[in-house]
Amino acid sequence: MDAVDRHLIELLRANGRASYAELARQVGLSSPAVHERVGKLEAAGVITGYRAVIEPSSVGLDVTALIGVIESDSVDDTGLEAAMREVPGIEDCWRVAGSEGYVLKVRVADIPALEGTVNALNRIRGVARTRTTVVLSTKWEGRHG
């Protein structure tokens, strides 16, 4: 990976819908060369996908929370992760160091829905307890704005 690849990644992170022509103009290559480089980055697993970023409240997801999951002493990570993947509202899951084993980003409609998510997590085999932090406001996400 060279400086041009890094620049392409930066540009695509800022605007995943940028055309090859626009990317080519910004990195000083031809459109076919940019198309080939982006294809190689995708094939290598550097670029793993493209998505639409939405305003959560516009689709009824008015509550964001970060939930720390404290595991019980004898836990099977694979089973725990699979069970957490099935809980509605969990957008992101990070394995972390510290007193918590995982931190989850949850988006739900309201506080009763958040309570339901927390209750569902606490019923999962291997979860000793959870710790929830409700987000009051989001100043930025993804460092693109």
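Refer to the structure presented above.
Residues numbered from 1 in each chain as written. Predicted model: local features only at pLDDT ≥ 70, side-chain atom pairs only at ≥ 80, totals over all residues. Heavy atoms only, no water.

The next point concerns the overall build of the protein. Across its full length, the protein holds five helices and four strands. Tracing the protein from N to C terminus, the helices and strands come up as α-α-α-β-α-β-β-α-β. For the protein, whose C-alpha radius of gyration is 20 Å, the value lies well above the compact-globule estimate of 15 Å for 145 residues. Its C-alpha atoms give the protein principal-axis dimensions of about 55 × 35 × 25 Å. Within the protein, contacts between residues separated by at least 24 positions form 61% of all contacts whose residues are at least 6 apart in sequence. (Helix = DSSP H or I, 4+ residues; strand = E, 2+ residues; numbered from the N terminus. Rg over C-alpha atoms; globule rule 2.2 N^0.38 Å. Contact = heavy atoms within 4.5 Å.)

Attention shifts here to helix α3 (residues 31-43). The first and last C-alpha atoms of α3 sit 18 Å apart over 13 residues, in line with the 18 Å expected at 1.5 Å per residue. The complete set of buried residues in α3 reads Val34, Val38 and Leu41. Buried residues along α3 cover an arc of 60° about the axis, so they all sit on one side. In α3, the exposed residues that point more than 90 degrees away from the buried face are Pro32, Lys40 and Ala43. Looking one or two residues past α3, Gly45 carries a phi angle of roughly 80°, positive in sign. (Expected span 1.5 Å × (residues − 1). Buried < 20%, exposed > 50% of the residue type's maximum accessible area, 1.4 Å probe, protein only. Arc of directions from axis to C-beta.)

A separate point is the sheet that holds strand β2 (residues 90-95). Strand order across the open sheet formed by four strands is β2-β3-β1-β4, with antiparallel pairing between neighbours. A strand with exactly one partner marks an edge of an open sheet, and here the two such strands are β2 and β4 (127-134). Averaged over all adjacent pairs, the angle separating strand axes in this sheet is 20°, with direction ignored. Against the sheet, helix α5 (residues 111-122) contacts β1 (63-71), β2, β3 (102-108) and β4, and its axis sits at roughly 155° relative to β4. (Pairing = 2+ DSSP bridges. Axes fitted to C-alpha atoms, helices over the stretch in contact; angles between N-to-C directions.)

With 16 residues, the main nonpolar core has Ile67, Met84, Leu104, Leu114, Leu121 and Ile124 as its most contacted residues. Of all the secondary-structure elements, those providing two or more residues to this core are β1, α4 (77-85), β3 and α5. Excluding residues within four positions of it along the chain, Met84 makes contact with Val69, Ile90, Cys93, Tyr102, Leu104, Leu121 and Ile124. In terms of nonpolar packing, the next biggest core, distinct from the first, is built from twelve residues, Leu8, Ile9, Leu11 and Val38 among them. (Core = buried A, V, L, I, M, F, W, Y, C linked by side-chain atoms within 4.5 Å.)

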